[in-house]
Amino acid sequence: MRAHDVDEGAIVLLGGRSEIGLEIVQRMARGRVVILAARRSADLADERAALDRAGATAVHSVEFDADDLPSHQPLLDKIAAEHGRIGVAVLAFGVLGDQELAERDPAAAVAVLQTDFIAQVSILTTLAAILRAQGSGQLVVFSSVAGFRVRRANYVYGSGKAGLDGFATGLADALHGSGVHLLLVRSGFVIGRMTEGMDPAPFSVRPGQVADVVVASLRSRRAIAWAPAMMRPLYFAVRFLPRSVWRRLPR
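Scoring rules and cut-offs
Residues numbered from 1 in each chain as written. Predicted model: local features only at pLDDT ≥ 70, side-chain atom pairs only at ≥ 80, totals over all residues. Heavy atoms only, no water. UniProt positions renumbered as here; feature names shortened; annotations may be inferred. Phe/Tyr/Trp six-rings, centres within 6.5 Å; stacked < 30°, edge-to-face > 60°. Helix = DSSP H or I, 4+ residues; strand = E, 2+ residues; numbered from the N terminus. Buried < 20%, exposed > 50% of the residue type's maximum accessible area, 1.4 Å probe, protein only. 1 Å grid on protein atoms, 1.4 Å probe; cavity = no way out; pocket = protein on both sides within 12 Å on 5 of 7 lines; lining within 4 Å. Points joined across faces, edges and corners; volume = space filled by probe spheres on them. Nonpolar A, V, L, I, M, F, W, Y, C, P; charged D, E, K, R; others polar.

- As annotated in an unreviewed UniProt entry, the chain carries the name SDR family NAD(P)-dependent oxidoreductase and comes from Nocardia jiangxiensis.
- Taken verbatim from the UniProt record of the chain, the Sequence similarities (unreviewed entry) comment is "Belongs to the short-chain dehydrogenases/reductases (SDR) family."

Following this line, the structure appears as structure tokens:
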């Protein structure tokens, strides 16, 4: 395998309607089998057509509910059994949640963490075992700058991303030497369906820009990718911003 290639095998997109996820997969789909995992998986005609146009040899859709933890192992085992080696698995599911509601309702806060942290841990642990057994494969995990230093304005979502960031960093170290590569993506504000109606933050990016960073980072076997790249020095600097100032910053 050449350094500029992504790993051979099927591409699995967990969160089959994700704008970022689909942009990533389209850039790698030519000559590949693609599996889209999503709720209402029968209603993915547009996504399947886009991947057909991108050159995928076959596109399959499977039912996936991130919050149904017991279903994760059988689903991923079935994908591996039916489609063989998994080359790249992209975890592109998640929710922003309603911060104001989550501050009043414990169930709403837990629901965000269930999807954005607990479900991700379940999927990653299962996939890591499958890829270890293969001896290769690549995982894409989406953290966020919101989790690098959690802000008062979105601390429920941010805390989920902070937990995921820590888990993925540790898992990447545990996978070192196994042949499995984990890419942790720390993105800024992404302009898309998930943030529709919100005022874009400074240095916002679009799904295609994030996808370009992710695919380049997969090919170079980078451990952590920032999107956009300038967020890395910015967020290392804001660690030293006084808490009295930090807590007043918007989402």
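Looking at the packing of aromatic side chains
Pairs of aromatic rings are described using the distance from one ring centre to the other and the angle between the two planes.
Then step 1. Tallying each qualifying case throughout the model produces two aromatic pairs.
Then step 2. Ring centres 5.4 Å apart and planes at 70° place the aromatic pair phenylalanine 64 and phenylalanine 93 in the edge-to-face group. Of the two residues, phenylalanine 64 sits in the loop between strand S3 (58-63) and helix H3 (72-83) while phenylalanine 93 sits in the loop between strand S4 (86-91) and helix H4 (99-104), which places them 29 residues apart along the sequence.
Then step 3. Phenylalanine 64 sits in the buried class, given a relative accessible area of 4%.
Then step 4. Ring centres of phenylalanine 148 and tryptophan 226 lie 5.3 Å apart, and the angle between their planes is 75°; this geometry places the pair in the edge-to-face category. With phenylalanine 148 in helix H6 (residues 145-148) and tryptophan 226 in strand S7 (residues 224-227), the pair connects residues that are 78 residues apart, well separated along the chain.
Then step 5. Judged by relative accessible area, which is 7%, tryptophan 226 ranks as buried.

Describing the layout of surface pockets
With a probe scaled to a water molecule rolled over the atoms, the places where space remains empty come into view.
Then step 1. If you add up the space inside the second largest pocket, you get close to 240 Å³.
Then step 2. What lines the second largest pocket is a set of 17 residues, and nearest its centre among them are Ala172, Asp173, His176, Leu182 and Ala223.
Then step 3. Every element with two or more residues in the lining of the second largest pocket is listed here: helix H7 (155-175) and strand S6 (180-187).
Then step 4. At five residues, the largest contribution of residues to the lining of the second largest pocket is made by H7.
Then step 5. Its residues placed into classes, the lining of the second largest pocket shows eight nonpolar, six polar and three charged.

Some remarks on empty space enclosed by the protein
Then step 1. Scanning the entire structure with this criterion turns up one cavity of 30 Å³ or more.
Then step 2. Taken as a whole, the largest cavity holds about 40 Å³ of empty space.
Then step 3. Taken together, 10 residues form the lining of the largest cavity, with Leu96, Gly97, Asp98, Gln99 and Tyr157 sitting closest to its centre.
Then step 4. Taken together, the elements giving at least two residues each to the lining of the largest cavity come down to H4 and H7.
Then step 5. Taken together, the residues of the lining of the largest cavity break down into five nonpolar, three polar and two charged.

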